[in-house]
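# Observations on the model geometry
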Amino acid sequence: VVLRDILYRAAERTRIEVILVANRWLQTPPSRFIRAMQVAGGPDVADDAIAERVAAGDLVVTQDIPLAARVLASGAAAVDPRGVPFSPDSIAQRLSIRDFMAELRGAGVQTGGPPSLHARDRQPFAANTPEGFRELFFDHAQIEALGLGSAANLPVIDPARPDRIRAERDYV
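Below is a short write-up of the structure.

So, how was this worked out
- Residues numbered from 1 in each chain as written.
- Predicted model: local features only at pLDDT ≥ 70, side-chain atom pairs only at ≥ 80, totals over all residues.
- Heavy atoms only, no water.
- Salt bridge = Lys/Arg side-chain N within 4 Å of Asp/Glu carboxyl O.
- Helix = DSSP H or I, 4+ residues; strand = E, 2+ residues; numbered from the N terminus.
- Axes fitted to C-alpha atoms, helices over the stretch in contact; angles between N-to-C directions.
- Parallel < 35°, antiparallel > 145°, perpendicular 65-115°, else oblique.
- Left-handed = near helix turned anticlockwise from the far one by under 90°.
- Contact = heavy atoms within 4.5 Å.
- Nonpolar A, V, L, I, M, F, W, Y, C, P; charged D, E, K, R; others polar.
- Buried < 20%, exposed > 50% of the residue type's maximum accessible area, 1.4 Å probe, protein only.
- Polar contact = N/O pair within 3.5 Å; in protein donor to acceptor, adjacent residues only side chain to side chain.
- Core = buried A, V, L, I, M, F, W, Y, C linked by side-chain atoms within 4.5 Å.

Once that is clear, we can look at the pattern of salt bridges. One pass over the structure, following the stated rule, counts three salt bridges. Two residues, arginine 35 and glutamate 17, come together in a salt bridge whose shortest N-O distance is 3.0 Å. You can see arginine 35 sitting in strand β2 (residues 34-38) and its partner glutamate 17 sitting in the loop between α1 (2-14) and β1 (18-22), a full 18 residues away along the chain. In this structure, arginine 53 and glutamate 52 form a salt bridge, with 3.8 Å as the shortest nitrogen-oxygen distance.

Looking now at the packing of helix α3 (residues 65-73) against helix α4 (residues 91-106). To describe two helices that pack against each other, one gives the angle between their axes and the distance between the axes. Relative orientation of the contacting elements α3 and α4 amounts to 160°, with a least axis distance of 9 Å. Of the possible angle classes, the one that applies to α3 and α4 is roughly antiparallel. Crossing handedness for the pair α3 and α4: left-handed. Of α4, the residues touching α3 (which contributes Ile65, Pro66, Ala68, Ala69 and Leu72) are Ile91, Arg94, Leu95 and Arg98. A per-class count over the contact of α3 with α4 returns seven nonpolar, no polar and two charged.

Before going further, it helps to examine the environment of glutamine 38. Positionally, glutamine 38 belongs in strand β2. Setting aside its immediate chain neighbours within four residues, glutamine 38 contacts Ala22, Asn23, Arg24 and Trp25.

Before going further, it helps to examine α3. Turning to α3, its buried residues number three or more, namely Ile65, Leu67, Ala68, Ala69, Val71 and Leu72. Elements in contact with the buried residues of α3: α2 (45-53), β3 (59-61), β4 (77-79) and α4. Its side-chain oxygen placed 2.7 Å from the backbone nitrogen of leucine 67, aspartate 64 serves as the N-cap of α3. The positive-phi residue at the C-terminal boundary of α3 is glycine 75, with phi of around 90°.

A general tendency of soluble globular proteins is for nonpolar side chains to be buried together. Membership of the largest hydrophobic core comes to 13 residues, with the highest contact counts inside it found for Val54, Val60, Ala68, Val71, Ala78, Phe86 and Ile91. At six residues, α3 tops the list of elements feeding residues into this core. With residues near it in sequence (within four places) discarded, valine 60 still touches Ile50, Val54, Val71, Ala77, Ala78 and Val79. One finds Leu3, Leu7, Leu20 and Phe33 within the second-largest nonpolar core, a separate group that totals 10 residues.

Function cannot be inferred from these measures alone, as they are strictly geometric.
Set out below in structure tokens:
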């Protein structure tokens, strides 16, 4: 829910469309930049809807590793809910680990799941005060000079190298 709120605010600020896909009804704030798509229930139906519609230049936030692999294969970018990018170089390893953990669970081993999201997990995505800028962004002075009240730190696709997500260090 915290990440959703950040994405809602970013959609309004940047005027970039955010689409949420789920197999249940999702309430979204009234906005021409935010919409929810409800799909039928069933395994991977939402994933299939996303994979069918995603295109190069899109960004998908997901913790589903197979979906992330499909998104990358489509030329789009994918990040996990903590803002960590999936990459073509690491996705095969992530899929192998996921499959191995599924085998362990199938054999009755308690493996647990990903840790719960906490307030600190918002940091890769947003800062809402100048103090937050200073802590999170190397270019905080420029952000403050622009008079921004908040900032979203979302990955950017490098048009020269669409196989790679640009990081802050690439802009220095």
